[in-house]
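# Structural features, examined
As a plain string of letters, each chain reads:
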Amino acid sequence: MKSSGGSVAVMFADLAGSTRLYDVFGDARAKQLVDECLDLMRAVVARCDGEVIKTIGDELMCVLPDAEKAWRAAVDIQLRVSDLPQVEGHRRSIRIGFHVGFVIRTSSDVFGDTVNMAARMTGLAKGGQIMATCATVMQLPKILRTATRKIAALSIKGKEDSVAVCEIIWQTNDDLTMATPSVAVMQRQVQLNLTFRGDTYFMNLLCPRIMMGRDLSCNFVVSDKMASRQHAFIELRQEKFFLTDQSTNGTFVHQDGEAELVLRREEMMLQGTGSIGFGRSVEFADGELVRFGVVEA
């Protein structure tokens, strides 16, 4: 059997809690519910230029061309499964993990450390979660990286060094979907324009969360020593943008035409236009501030 190698994204998608489906509904009905999810996932993978390598019970093992295709497939799967109707009060959910790297490939399977790492990411996920290594997330376009959060550097069996793990954020705490462009529909389009060091960035449905602080993992890396390593974040929730402080010295917010406010482990909704300072007043920020503007269409 001829084998070949190359760098791909390996993704596992597993139906969480399928054993309970069999207990509750019996073999025939439960298999029907499982197969509905598997067929849905296969179709999504194909649309993202991927290939299902094999089905292992209620789990698919897939390969996709790169990290971005895997991200889009994973998010689309979660979106579509979350839209499936509940069955007698039971909602189906998927655990997904993926990792990019080199694999050994035969005509019917793929092998290697990349496959093992993708399987471990899936094992870390709960129902409704998408997990990936941070090394894989760094291969995503910048706008997609903002819809992730670093979980921790975890000890992985078989690895001498700890592995940094990220969660892909595809929905808010209020279950508002963070969708891919092909399925994203909002009744009212909202956008937050952010200017930092002369560059302008845009927060919207595709970019629902940004972190600001001194840590190099932040989306906006602030050099002011008054700033904390992960000083504050902004996230989109129910068509509104909320700024949350988690710093030592506070986050200073000056909305144009209003008095400056200081957030200390608090959050506020951003409105209109204004400036954000890290650990010191906007007046004394010396260029290390963020200008914001909320745009509605």
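Residues numbered from 1 in each chain as written. Predicted model: local features only at pLDDT ≥ 70, side-chain atom pairs only at ≥ 80, totals over all residues. Heavy atoms only, no water.

Within this structure, the stated rule accounts for two aromatic pairs. Ring centres of Phe-196 and Phe-220 lie 5.3 Å apart, and the angle between their planes is 10 degrees; this geometry places the pair in the stacked category. You can see Phe-196 sitting in strand E9 (residues 190-196) and its partner Phe-220 sitting in strand E12 (residues 220-221), a full 24 residues away along the chain. Measuring from ring centre to ring centre gives 4.9 Å for Tyr-201 and Phe-220, while their planes differ by 50 degrees; the resulting arrangement is tilted. Of this pair, Tyr-201 sits in strand E10 (residues 199-203) while Phe-220 is found in strand E12, placing the two residues 19 residues apart along the sequence. Site record: aromatic cluster; members linked through ring pairs are Phe-196, Tyr-201 and Phe-220. One Lys or Arg, Arg-209, reaches over the ring of Phe-233 and ends 4.2 Å from the middle of that ring. For Arg-237, the ring lying beneath its charged end belongs to Phe-242, and the centroid distance is 4.1 Å. (Phe/Tyr/Trp six-rings, centres within 6.5 Å; stacked < 30°, edge-to-face > 60°. Helix = DSSP H or I, 4+ residues; strand = E, 2+ residues; numbered from the N terminus. Lys NZ or Arg CZ within 6 Å of the ring centre and 35° of its normal.)

Another aspect to go through is the pairing of strand E6 (residues 130-133). Residues Ile-130 and Ala-132 of E6 are buried on one face, and the alternating residues Met-131 and Thr-133, pointing to the opposite face, are buried as well. Across three bridges, strand E4 (residues 93-105) lies against E6 in parallel orientation. Opposite Phe-98, over in E6, you have Ala-132 as the bridge partner. Looking at chain direction, E6 and strand E8 (residues 163-168) are connected through three bridges and run antiparallel. (Buried < 20%, exposed > 50% of the residue type's maximum accessible area, 1.4 Å probe, protein only. Pairing = 2+ DSSP bridges.)

Moving on, we get to the pairing of strand E3 (residues 59-64). For E3, the buried fraction is high: six of the six residues fall into the buried class. Pairing of strand E2 (residues 51-56) with E3 involves five bridges; the strand directions are antiparallel. Each residue of the ladder has a partner; that of Lys-54, found in E3, is Met-61. From the end of E2 to the start of E3, which pair antiparallel, there are two residues, and Gly-57 there has a positive phi angle of about 65 degrees.

Its location among the elements puts Arg-105 in strand E4. At 2.3 Å, the side chain of Arg-105 and the side chain of Glu-51 are in polar contact. (Polar contact = N/O pair within 3.5 Å; in protein donor to acceptor, adjacent residues only side chain to side chain.)

Taking strand neighbours across the sheet as the criterion, the six strands line up as E10-E9-E19-E18-E15-E16 in an open arrangement whose pairing is antiparallel. The open sheet has two edge strands, E10 and strand E16 (261-263), and neither has a second partner. The sheet shows a mean angle of 25 degrees between the axes of neighbouring strands, direction not considered. As judged from the five bridges shared by E9 and E10, these two strands associate in the antiparallel manner. (Axes fitted to C-alpha atoms, helices over the stretch in contact; angles between N-to-C directions.)

This next bit is on the nonpolar core. Counting 44 residues, the largest nonpolar core has Met-11, Ile-77 and Phe-98 as its most contacted members. Element by element, the count of residues in this core is highest for helix H1 (residues 18-47), at eleven residues. Those residues in contact with Met-11 that sit more than four places away from it in its chain are Val-45, Leu-60, Met-61, Cys-62, Leu-64, Ala-70, Ala-73, Ala-74, Ile-77, Ile-96, Gly-97 and Phe-98. Ile-210, Ala-227, Leu-270 and Phe-278 belong to the second-largest nonpolar core, a separate cluster that totals 24 residues. (Core = buried A, V, L, I, M, F, W, Y, C linked by side-chain atoms within 4.5 Å. Contact = heavy atoms within 4.5 Å.)

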